[in-house]
Amino acid sequence: MTQRRTVRSRLERLAREIAKFGAVGAIGFVVNFIVFNICVHGLGLAVVRSGVIATAVAIAANYVGNRYWTYRDTDKNRRSRELTLFLLFSGVGLVIENGILALSHYGMGWTSPLADNIAKNVVGLGIGTVFRFWSYRTWVFRAMPARDAVQAAESFLTDAPPAQERVRAGK
């Protein structure tokens, strides 16, 4: 019975995480789509260059959303490490996304605006999103160790010293 509750609570947490990640990703998708089409059709830039620019802008928006909403309760002690890993894995996602666009546009000759948008914003972004979700939750936004989480909660909720200090002091 307890194991069932544990599995159920983990699945519920995962579902909430996926929903938040998806909401942030939806905003990133809109940013990506708009910037891509402005660059290609408004500014006349090449499709892959436009894709890279659009993805970079969306990555910035997604970092803010994921850091301060989706993964706000994760370890914040090593922010530079987190940002470095976020940019690394986002860069891999950028290559996946725009590599599929380049393959479609230049390799297969599918050059219509619809084909470019499907290759980049449906196929490429879909595969890139699965990779990013896995890498962010596995490597970037890591959960705090349980004892650090307890100490952080104690120090936030009270002005009392963390439990380890009270034990050491004999209180």
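Criteria and cut-off values
Residues numbered from 1 in each chain as written. Predicted model: local features only at pLDDT ≥ 70, side-chain atom pairs only at ≥ 80, totals over all residues. Heavy atoms only, no water. Helix = DSSP H or I, 4+ residues; strand = E, 2+ residues; numbered from the N terminus. Buried < 20%, exposed > 50% of the residue type's maximum accessible area, 1.4 Å probe, protein only. Contact = heavy atoms within 4.5 Å. Axes fitted to C-alpha atoms, helices over the stretch in contact; angles between N-to-C directions. Parallel < 35°, antiparallel > 145°, perpendicular 65-115°, else oblique. Left-handed = near helix turned anticlockwise from the far one by under 90°. Nonpolar A, V, L, I, M, F, W, Y, C, P; charged D, E, K, R; others polar.

Participant: When you look at the overall build of the chain in this model, what are you seeing that I'm missing?
Facilitator: Scanning the chain from N- to C-terminus turns up six helices and zero strands. When the elements of the chain are put in sequence order from the N terminus, they spell out α-α-α-α-α-α. Relative to its full complement of 171 residues, the chain shows a buried share of 32%. A fraction of 69% describes how many contacts in the chain between residues 6 or more apart in sequence connect residues 24 or more apart.

Participant: For this particular structure, what's the right way to read the packing of helix α1 (residues 2-42) against helix α2 (residues 47-70)?
Facilitator: When two helices pack together, their arrangement is captured by the angle between the axes and the distance separating the axes. Remark: α1 packs on α2, axes separated minimally by 8 Å, with the N-to-C direction vectors making an angle of 150°. As far as their axial angle goes, α2 and α1 are roughly antiparallel. Crossing of α1 against α2: the hand is right-handed. Class assignment of the residues belonging to the contact of α1 with α2 gives a composition of 14 nonpolar, 10 polar and two charged.

Remember that the coordinates give geometry; whether it matters functionally is a separate question.
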